[in-house]
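Next come the chains, spelled out residue by residue.
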Amino acid sequence: MESFNEDWRSDHGLAPPAVQLAPRSWFNPNLETRWNLVPALVGTITMMSTLMLAALSVAREREEGTFDQLLVAPYSPTEIMIGKAIPSMMIGVVQATNALLVSQLWFRIPFAGSYLTLYVGLILFLLAAVGIGLFVSSIAGTMQQGCSTPSS
């Protein structure tokens, strides 16, 4: 491409460019696709499974009629929702940790950064995913509605 541009400029009597652009890949110098795909899959799979777990938990309770029993219990609705959110978040953290280990040990994807920062971000990410799942669950009347996607 560069040789074509040089030939075209010389044929048309134009001066060479004042600035030369050279693309450089800082974080993936070998341009390996798996370095981009595997971390994206870790986030996607963790979000989808955590969201579905949270969405189906309250919908299942409502279908079976046990959610009303929970509301009569001496717990506030906030405590009930926290009790529904914590197991989903713990499963999400375990799943993300397993996926991270597989990506580093099997696929040999390097990790540059702080694990503390990664897990703080992961907790916030899972908190948002569980919140969306609980919101979907509060709207859905059945488990099927909680896990289905809208049709066009």
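Residues numbered from 1 in each chain as written. Predicted model: local features only at pLDDT ≥ 70, side-chain atom pairs only at ≥ 80, totals over all residues. Heavy atoms only, no water.

Draft legend 1. Seen up close, the overall build of the protein. Helix and strand counts for the protein come out as six helices and zero strands. Put simply, the protein runs from its N terminus to its C terminus through helices and strands in the order α-α-α-α-α-α. Reported as C-alpha extents along the three principal axes, the dimensions of the protein are approximately 85 × 40 × 25 Å. With 152 residues in all, the protein has 24% of them scored as buried. Contacts in the protein between residues at least 24 apart in sequence constitute 71% of all its contacts with a sequence separation of at least 6. Counting every atom, the protein has about 11000 Å² of accessible surface; 68% of that belongs to carbon and sulfur. If you average the places of the 7 positive and of the 10 negative side-chain charges in the protein, the two averages end up 7 Å apart. (Helix = DSSP H or I, 4+ residues; strand = E, 2+ residues; numbered from the N terminus. Buried < 20%, exposed > 50% of the residue type's maximum accessible area, 1.4 Å probe, protein only. Contact = heavy atoms within 4.5 Å. Areas by Shrake-Rupley, 256 points an atom, 1.4 Å probe, with all protein chains shown as cover. Lys, Arg positive; Asp, Glu negative; His and termini not counted. Charge placed at Lys NZ, Arg CZ, Asp CG, Glu CD.)

Draft legend 2. Molecular detail of the pattern of salt bridges. Across all of its chains, the model carries two salt bridges by this definition. Two residues, arginine 34 and glutamate 32, come together in a salt bridge whose shortest N-O distance is 2.9 Å. Between lysine 84 and glutamate 61 there is a salt bridge; the shortest N-O distance is 2.8 Å. A residue pair is termed long-range when its members are at least 10 positions apart, and lysine 84 in helix α4 (residues 77–105) and glutamate 61 in helix α2 (residues 34–64) qualify at 23 residues. Glutamate 61 shares its class with lysine 84; the two are buried. (Salt bridge = Lys/Arg side-chain N within 4 Å of Asp/Glu carboxyl O.)

Draft legend 3. Quick look at the nonpolar core. With 11 residues, the main nonpolar core is built from Ala54, Val58, Phe67, Ile80, Ala85, Met89, Ala96, Leu122, Leu126, Val130 and Leu134. Put simply, the parts of the chain that give this core at least two residues each are α2, α4 and α5 (115–139). Those residues in contact with alanine 96 that lie beyond four places of it in its chain are Val42, Thr46 and Leu122. (Core = buried A, V, L, I, M, F, W, Y, C linked by side-chain atoms within 4.5 Å.)

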